[in-house]
Every structure is written in C-alpha cells, then in structure tokens.
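For reference, the chains in residue letters:
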Amino acid sequence: MGTIYDLAKKTGFSITTVSKALNNYKDVNEKTRAKILKAAAEMDYLPNAHAQSLSTKKSWAIGVMFSEANEVGMKHPFFNGIIESFRHATEEQGYDLMFASRNLRNRDMSYLEHFKHRAVDGIVVICSDRMDEQVQELMQSDIPIVVVDMDSADCSVVYSDNIAGARLAVNHLYELGHCKIAHIAGDRTIDAGATRIKGYELAMQALDLPIEPGYLINAGFFSVEEGKQAMEKLLQLETPPTAVFVAGDQMAIGAIEAVHEHGLRVPEDISIIGYDDIDMIKYITPKLTTIRQDTDEIGEAAAELLIEQMTAKERLTERRVIPVKLIERLSCAPVKK
C-alpha cells in the first residue's frame, strides 16, 4: 500500500491534484480523476481517515435520524428499502453512515447535539414525525440536511407523489365499477397519511362519488393490527363498502385478514388496494394490488441532494417529488352486480 506521494509520482500529477481527485473536488476534470482513481485502485491506496479529515475539514460521516414516535421506525420495509438505497449511493462517494442512538434522550442529549459532537458532514432524517421537536430542531439547524417522506419549506425534502398515488388507487377501483369506496387512512399528523387522505378526497370529488359516513377511517400508524381493526369497523357498517383503498401495505394485510375472518373473500366480496409495494405482499393470498413507491429512487435522490449540499457546504431547500405507479395483482376485481 503506497502513500499519496507514491500515487502522485505514479500518475504524474501534483499531490494537490491527487488529493482533490480523491476527495471529489469539482475543479478536477473527470479524465484526470479517472486516471488517479484507477492508479489508486492498482496500488491498493487507502487514505488515512484522520489525515483526510484534517486536510479536507470533512468527517466523511452522515448522521441518520429516524423517529420512532409512531412505533414504526426502521422496522417498516419501506424505510428499510430507502436507507439501503441511500447507504449504497453515499458509500460510493466515500461516506459512512452514523445512526443516532435511540437512548440519546435518556442521556439528556439532543440529536442535533449528538451529530454536532460527532462532526457529521450532513444529516438525513427518515420516517419523520413533524410533531417531534428534535426533528424540527434538526430542520432549523445550519447543518446540510435532507428529510425523507415529509414536506417542508425549511430544508431539502424527498417524498413520493402521495396525492397522485391516492388518485390512481381510487380511479382504478372506479374503473372496475366500484362507487362505494372507503379509505383506511394513516394518521393525519404524518405527511403520508394526510396527503393520501387529500388524494382520496380529491379523487372521490372528481368522480362525483360521495364519501359515505364511516368510509374515511383513521387507522393510526400503518401497522397490520390497526389495518385489521379499521376493516372490522367498515364491515360493521350498515352499508359496507365494496372496495377499500388502504394507505399502507401492512395495514392492507390486516384488512384482508379481517375480511377472511368475517367469512368473506377478497376480491370476490370486497376489493382491496394498498400502498408501498413491500416485498411480502407478493406472497399473501390474494396477491395485493398496490401503489408502488420507488425506494431506490427516493434513496438515491436523498443522497444526491445531501452530497450536493455537503460539497457546496451550504443549506439548500430543494424539493424532489418521486412518481408512483399502480401495480395490478389479484386483490381487486369488478364490482358484483
């Protein structure tokens, strides 16, 4: 393993140019950077992290904060997919991820204080709760930050087009002949819950369909059990819906279980469409029709926005809205005549 001096000698470039190329400075052209990186790989060159940090004034670390106030956290497959995509994209640029300990509150230290103590170059906030004071503190700080799955004018954000996704779901059910369409919703305090409710209401209004009493039901924080409980309430209505748009796939799994326990069938008696397209829904019966969120694109967009800020060493307030897609499987069918 050689030194940076050996690398400069091998490539014929100055030590300054080599250092800039290795640290992704924009004033090094791509041909030069490629030659230096190729030589570094051939030499098995690995820069000393401490020395690199001193010379670049960068820690090459990104803080990851996820709120667990809604008891979902990183257990949810959707957020797991995002963080894996984000990790891959940032590691390619030389960054390591640093997850904030869930015990920080017990140590009387805020997430912001923790990340400043660790001298991270930037922060990504995932699975955020806009009511969380520590999330707000991070968003108001001067550290480069990207917030995923929540809209804000205070910082850069990445989220799916939830309104369009909800409208896709309702329109799909309408095209199958359904007019009695209910919505098992996520809590309005969560951006995803609120915007999918808005999309549902807009779609029903555009189709001139009434939202019957009891058809819009708050199922909380996107768990299987909450989805099951919400569906049981819908089935107890005097006029149950013929189709249900569910704001999350895990809730939809619970809803299907409730339908089966009532001696009914999906989709023969009631059609169900979910939201997320998590892996497990391909293996349940029936396979779930859903609205796909592109976790790869969300994670990559978040990484791109954060790296852009960290490189420029300034806060940006850019918004990336990621398109969604209807995935048709077997849980929806034409309404029974």
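My aim in this report is to walk through the structure given alongside it, one point at a time. (Residues numbered from 1 in each chain as written. Predicted model: local features only at pLDDT ≥ 70, side-chain atom pairs only at ≥ 80, totals over all residues. Heavy atoms only, no water.)

**Quick word on the pairing of strand β5 (residues 156-160)**
The buried count for β5 comes to five of five residues, which makes it a mostly enclosed element. Residues S156, V158 and S160 line one face of β5 and the alternating positions V157 and Y159 line the opposite face, and both faces are buried. Sheet topology note: the strand β4 (residues 145-148)/β5 ladder contains three bridges and is parallel. Along β5, the bridge assignment pairs V148 with V158. (Buried < 20%, exposed > 50% of the residue type's maximum accessible area, 1.4 Å probe, protein only. Helix = DSSP H or I, 4+ residues; strand = E, 2+ residues; numbered from the N terminus. Pairing = 2+ DSSP bridges.)

**Let's talk about helix α3 (residues 30-43)**
For α3, which comprises 14 residues, the first-to-last C-alpha distance of 20 Å matches the rise-based estimate of 20 Å (1.5 Å per residue) to within 8%. What α3 keeps buried is the set T32, R33, I36, A39, A40 and M43. One side of α3 carries all its buried residues, which in axial view fall inside an arc of 130°. Those residues of α3 that are exposed and angled more than 90 degrees off the buried face are E30, K31, K38 and A41. Buried residues belonging to α3 abut α1 (4-11) and α2 (15-22). Backbone nitrogen of K31 and a side-chain oxygen of the N-cap are separated by 3.1 Å at the start of α3; the cap is N29. The positive-phi residue at the C-terminal boundary of α3 is D44, with phi of around 55°. (Expected span 1.5 Å × (residues − 1). Arc of directions from axis to C-beta. Contact = heavy atoms within 4.5 Å. Polar contact = N/O pair within 3.5 Å; in protein donor to acceptor, adjacent residues only side chain to side chain.)

**Some thoughts on the packing of helix α10 (residues 224-235) against helix α11 (residues 249-261)**
Where α10 contacts α11, the two axes come as close as 6 Å, and the packing angle between them is 45°. Accordingly, the angle class assigned to the pair α10 and α11 is oblique. Along this stretch, α10 crosses α11, giving a crossing that reads as right-handed. Facing α10, whose interface residues are V224, G227, K228, M231, E232 and L235, α11 presents Q250, M251, I253, G254, A255, E257, A258, V259 and E261. Taken together, the residues of the contact of α10 with α11 break down into eight nonpolar, three polar and four charged. (Axes fitted to C-alpha atoms, helices over the stretch in contact; angles between N-to-C directions. Parallel < 35°, antiparallel > 145°, perpendicular 65-115°, else oblique. Left-handed = near helix turned anticlockwise from the far one by under 90°. Nonpolar A, V, L, I, M, F, W, Y, C, P; charged D, E, K, R; others polar.)

Shape is all these values report; function is a separate question.
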